[in-house]
Amino acid sequence: MSLQQHHLQTSISPFQSLRSNHKFAINFTSHNCLKPRWASSISQIQPPKIPVPNTSVWERTKWRRAKNQRKLPSSDEIDVAIRETKIHGYCKDGRPKEAARAFQILEESGAVPNVVTYTVLIRSYCKDQNVDEALQLFYRMKVDPNVVTYSTLLEGLCNSGKLDKALEVFDQMNVAPDVVTYSTLLKGLCDSGKLDKALEVFHQMKVDPNVVTYNTLLEGLCNSGKLDEALEVFDQMKIAPNVVNYSTLLKGLCDSGKLDKALEVFDKMKVEPNVVTYNKLLEGLCNSGKLDKALEVFDQMKVAPNVVTYNRLLEGLCDSGKLDKALEVFDQMKIAPDVVNYSTLLKGLCNSGKLDKALEVFDRMNVAPDVVTYSTVLKGLCDSGKMDKALEVFYRMKVSPNVVTYSTLLKGLCDSGKTEQGRELLAEMKDKGLKPDIVTYTSLATGLAREGNLDEAIDLLEGFKNLGITPDMITFNSIMSALCKTRQTDRAIGFLGYMVSKGWKPDEESYGILIKGIATEGLAKDARRLLKGLDARGLVRSPWAKRLLRGSP
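Below or above, wherever it landed, is the structure these notes cover. Since this is a predicted model, take the numbers as computed values, not measurements.

Thresholds, definitions, all that
- Residues numbered from 1 in each chain as written.
- Predicted model: local features only at pLDDT ≥ 70, side-chain atom pairs only at ≥ 80, totals over all residues.
- Heavy atoms only, no water.
- Helix = DSSP H or I, 4+ residues; strand = E, 2+ residues; numbered from the N terminus.
- Buried < 20%, exposed > 50% of the residue type's maximum accessible area, 1.4 Å probe, protein only.
- Arc of directions from axis to C-beta.
- Contact = heavy atoms within 4.5 Å.
- Salt bridge = Lys/Arg side-chain N within 4 Å of Asp/Glu carboxyl O.
- Core = buried A, V, L, I, M, F, W, Y, C linked by side-chain atoms within 4.5 Å.

As for unusual backbone geometry
Consideration 1: With a phi close to 60°, Gln129 is a non-glycine residue in the positive phi region.
Consideration 2: With respect to the helices and strands, the residue Gln129 is situated in the loop between α6 (115–127) and α7 (131–139).
Consideration 3: The class for Gln129 is exposed, based on a relative accessible area of 73%.
Consideration 4: Backbone geometry places Arg487, a non-glycine residue, at a positive phi of 55°.
Consideration 5: Its place among the elements puts Arg487 in the loop between α28 (473–485) and α29 (489–501).

Concerning helix α9 (residues 163–171)
Consideration 1: Taken residue by residue, α9 has Leu163, Ala166, Leu167, Val169 and Phe170 as its buried positions. Along the axis of α9, the buried residues cluster in a sector spanning 160°; they form a single face. In α9, the exposed positions angled more than 90 degrees off the buried face are occupied by Asp164 and Asp171.
Consideration 2: Elements that come into contact with the buried residues of α9 comprise α7, α8 (147–159), α10 (179–191) and α11 (195–203).

Observations regarding the pattern of salt bridges
Consideration 1: In the structure shown here, the tally under the stated rule is 24 salt bridges.
Consideration 2: In this structure, Glu283 and Arg312 form a salt bridge, with 3.3 Å as the shortest nitrogen-oxygen distance. Separated by 29 residues along the polypeptide, Glu283 in helix α16 (residues 275–287) and Arg312 in helix α18 (residues 307–319) bring together distant segments of the chain.
Consideration 3: By relative accessible area, which is 25% here, Glu283 ends up partly exposed.
Consideration 4: Taking the relative accessible area as the measure of exposure, Arg312 reaches 25% and is therefore partly exposed.
Consideration 5: Several salt bridges converge on common partners, so that one network encompasses Lys261, Glu264 and Lys268.

Details of the nonpolar core
Consideration 1: In terms of nonpolar packing, the biggest core is built from 146 residues, with Leu409 and Phe495 touching the most fellow members.
Consideration 2: The element best represented in this core is α6, accounting for 7 residues.
Consideration 3: Leave out the neighbours within four places in its chain, and Phe495 touches Leu454, Ile458, Leu461, Phe476, Ile479, Met480 and Leu483.

Right, dumping it as structure tokens:
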């Protein structure tokens, strides 16, 4: 016996031994383990004997016929099944090119893939953002597509923004669309802002929408600001809305500032709100400044708050200047605060000037601070002029600083007259592979101007283009402000002329900065002369600047 025959016999033996087991049948899966080139030997495997009960002759004849009608798959069928399985595997592993090649070989063999294989490959193409290939494959299918095939292709077309083609395919469907098909198309239309068409498709549905269908439409309407339509769809739901539907509607109402309606919907909920529902409502109340109502809702929560819940409330309290209440809520948290909770509280404390308390909270953090936490504390220290402490915190960071961190510290150094240290920090930043942005360079240019190095500041501005950075009005106004605050108003006037020569039109803030400088140094005559020139070029629009031109107080 050859080695190959031995392997075959070894494979067949377990099947032969199970012939007497009536529950066992040689099926498709059983044959997949046998290589196609051995298929001719499969005839050795005998189908299991079907027991014949001791009944009438006619009934025994039926059993015999049933036994004789059992057929084993041919070697060609086994080969096709193996190739299709391989295609499915490639698609599952995210290897569409290998799947396409295996599919091509299958087609060239003259075999006809089944609808599942077509659908799997179409889905693979769509996931790989190769919708055109998916569409070509769809149109050359040798079997009729089923509803799953259509839904898969529609999802790919919608995700690629090909809504017109999706609608064309949808209109040409030769099978009845199911609720998944409709939901897929509605999502594509809503995501593309085609709400009128979405409503048209929704009202023409030939199957009952489910909660996913409703939520897709509600979310699209709310995101587009069509709250009246969203409320109408919600009120006319043919099924009971679930908590996700309620949360979606509440978010839309809160985002649109319709807090009274949101509270009305919330109070009439027929299902228990979950933590997401509460978070959406709390966010809306806090953003609208309704902190008392937010605290009332928070205290009445029927589910445990999570870190997002606490952060919504902390952010609202800090933004409203209610730092004592924010600290109270933070200290009474029923779960461990995360780094976002700490960063939110630290930002509020720093912005309110409570730097000592911020440092106290920072020092007793029980989670590792991230780059946002460090940047927040550094900004508070820099804004308070505590540069030594800021540098100490910076060089003790346990995470890599990013562009925001460096820019924050560099601005603090330049604002405190330590421009040279700012230069060194910029060099360090570049050495670490970070690319300074407009904020970084504006801070340095402003520092240079403040210290009397206007020419160097202008040289830096001139080099912006080579750095791929475009200066904005914040850049120009920051430099003008620095000049005026250091009693260099004459140079600020000259810098304004430089701005105009470069095609930048001063805004109202530019004039305000200049007028403050003029008031400080008594250069009204020179200012009027410059403003007249600007007015002749149509650059003076604010009423108070025009009054200055007329000599009015």
